Amino acid sequence: GESVGLHLPTLSVQEGDNSIINCAYSNSASDYFIWYKQESGKGPQFIIDIRSNMDKRQGQRVTVLLNKTVKHLSLQIAATQPGDSAVYFCAEIDTGRRALTFGSGTRLQVQP
Amino acid sequence: DSGVTQTPKHLITATGQRVTLRCSPRSGDLSVYWYQQSLDQGLQFLIHYYNGEERAKGNILERFSAQQFPDLHSELNLSSLELGDSALYFCASSSRGGQGGETQYFGPGTRLLVL
């Protein structure tokens, strides 16, 4: 499959472990954040979102944490599975531009 | 399957040529966004249309243009193509105008190769 970026940071974990993927954002005016997963050869897929009036949100096996003080976002994946292997992007909504600004992405590799 | 469709899946053309990429949003979605994803630039926002009108512009070159038709499908036109235009082009849709934050659903992309 095609690669999404040549120089992505890579996180390698064992199947069953928890994964934490981090993202720093730059626009303090952003008030909505999304994590996307992109598998090889596919478009980005929504995982979970969070608004700036929250600091934590949980989904199925995933948790997003938002620290507005240091402009930091993290995605926690519990009991990581081989199917979780993908590139993960954080994105922030710039309400002035009404569009997503994506982070550079992190490649998650799950070792069986 | 996100419900967003894009055609063609692959496109090979030569420098100087012009191509048109097509996107059909999810049923009921009024907004369409175009993104370019290249190896050295990551995902870059190009342009956003809402209900037929341009809403926001990102890093879109003057050689590129887009439009959204009354049936809400959108086309991205790329002209005077250069080698550096080779990339994946994604379309995304959302239900509203993007204000206040909302999820965008991405299509499978069109892979453009300029030779």
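In this text the structure is predicted, and so the values were computed from the model without any measurement.

Rules behind the numbers
Residues numbered from 1 in each chain as written. Chains lettered and ligands numbered in written order. Predicted model: local features only at pLDDT ≥ 70, side-chain atom pairs only at ≥ 80, totals over all residues. Heavy atoms only, no water. pLDDT = per-residue confidence, 0-100. Contact = heavy atoms within 4.5 Å. Patch = residues over 30% accessible without salt bridge, like charges linked within 9 Å, V, L, I, M, F, W, Y side chains within 5 Å. Areas by Shrake-Rupley, 256 points an atom, 1.4 Å probe, with all protein chains shown as cover. Salt bridge = Lys/Arg side-chain N within 4 Å of Asp/Glu carboxyl O. Helix = DSSP H or I, 4+ residues; strand = E, 2+ residues; numbered from the N terminus. Pairing = 2+ DSSP bridges. Axes fitted to C-alpha atoms, helices over the stretch in contact; angles between N-to-C directions. Buried < 20%, exposed > 50% of the residue type's maximum accessible area, 1.4 Å probe, protein only.

### Here's the deal with the confidence of the model for chain A
So, point 1. For chain A, the mean per-residue pLDDT works out to 88, and 89% of the residues sit at or above 70.
So, point 2. Note that residues 1-6 of chain A has pLDDT below 50 and, in this model, 16 contacts with residues that lie over four places away or in other chains.

### A few points about a nonpolar patch on the surface
So, point 1. A surface patch of nonpolar side chains, about 310 Å² in accessible area, is lined by Ile12(B), Leu113(B) and Leu115(B).
So, point 2. Tracing the backbone shows Leu115(B) in the segment after strand 11 (110-114).

### Quick look at the sheet that holds strand 2 (residues 19-24) of chain A
Residue and element names in this part refer to chain A.
So, point 1. Across the sheet, which stays open at both edges, the four strands sit in the order 2-7-6-5 with antiparallel pairing between neighbours. Only two strands of the sheet have a single partner each, and these edge strands are strand 2 and strand 5 (56-58). Along the sheet, successive strands turn relative to each other by an average axial angle of 15°, direction set aside.
So, point 2. Two strands pair when backbone bridges link them, and strand 5 and strand 6 (residues 62-67) are joined in this way by three bridges, in the antiparallel orientation. In the sheet register, Gln58 faces strand 6, and the bridge partner there is Thr63.

### Side note on the pattern of salt bridges
Pairing is possible between side chains that carry opposite charge, provided their charged atoms lie close to one another.
So, point 1. Inspection of every chain in the model, using the stated rule, returns six salt bridges over all chains.
So, point 2. Between Arg57(A) and Asp49(A) there is a salt bridge whose closest N-O contact spans 2.2 Å.
So, point 3. The exposure class of Arg57(A) is partly exposed, given its relative accessible area of 35%.
So, point 4. Here Glu82(B) ties to Arg63(B) by a salt bridge, and the two come within 3.7 Å at their closest N and O atoms. On the criterion of sequence distance, the pair formed by Glu82(B) in the loop between strand 8 (74-78) and strand 9 (87-94) and Arg63(B) in the loop between strand 6 (53-57) and strand 7 (64-68) is long-range, its members being 19 residues apart.
So, point 5. Members of the salt-bridge network, linked through shared partners, are Arg63(B), Glu82(B) and Asp85(B).

### Here's the deal with the sheet that holds strand 8 of chain B
All names here are of chain B.
So, point 1. What the four strands build is an open sheet, ordered 1-3-8-7; its pairing is antiparallel. The strands lining the two open edges of the sheet, one partner per strand, are strand 1 (5-7) and strand 7. Strand-to-strand twist in this sheet, taken as the mean axis angle between neighbours without regard to direction, amounts to 15°.
So, point 2. In this structure, strand 3 (residues 19-24) lies alongside strand 8, joined through five bridges in antiparallel fashion. The residue of strand 8 that forms the bridge with Thr20 is Asn77.

### Concerning the pairing of strand 10 (residues 106-111) of chain A
Residues and elements named next belong to chain A.
So, point 1. Burial along strand 10 is one-sided: the residues Thr106, Leu108 and Val110 are buried and none of Arg107, Gln109 and Gln111 is.
So, point 2. Pairing of strand 1 (residues 10-14) with strand 10 involves five bridges; the strand directions are parallel. Within strand 10, the residue paired with Val13 across the bridge is Val110.
So, point 3. Of the pairings in the sheet, the one linking strand 8 (residues 86-94) to strand 10 comprises three bridges and is antiparallel in character. Across the sheet, residue Ala86 finds its bridge partner in strand 10, namely Leu108.

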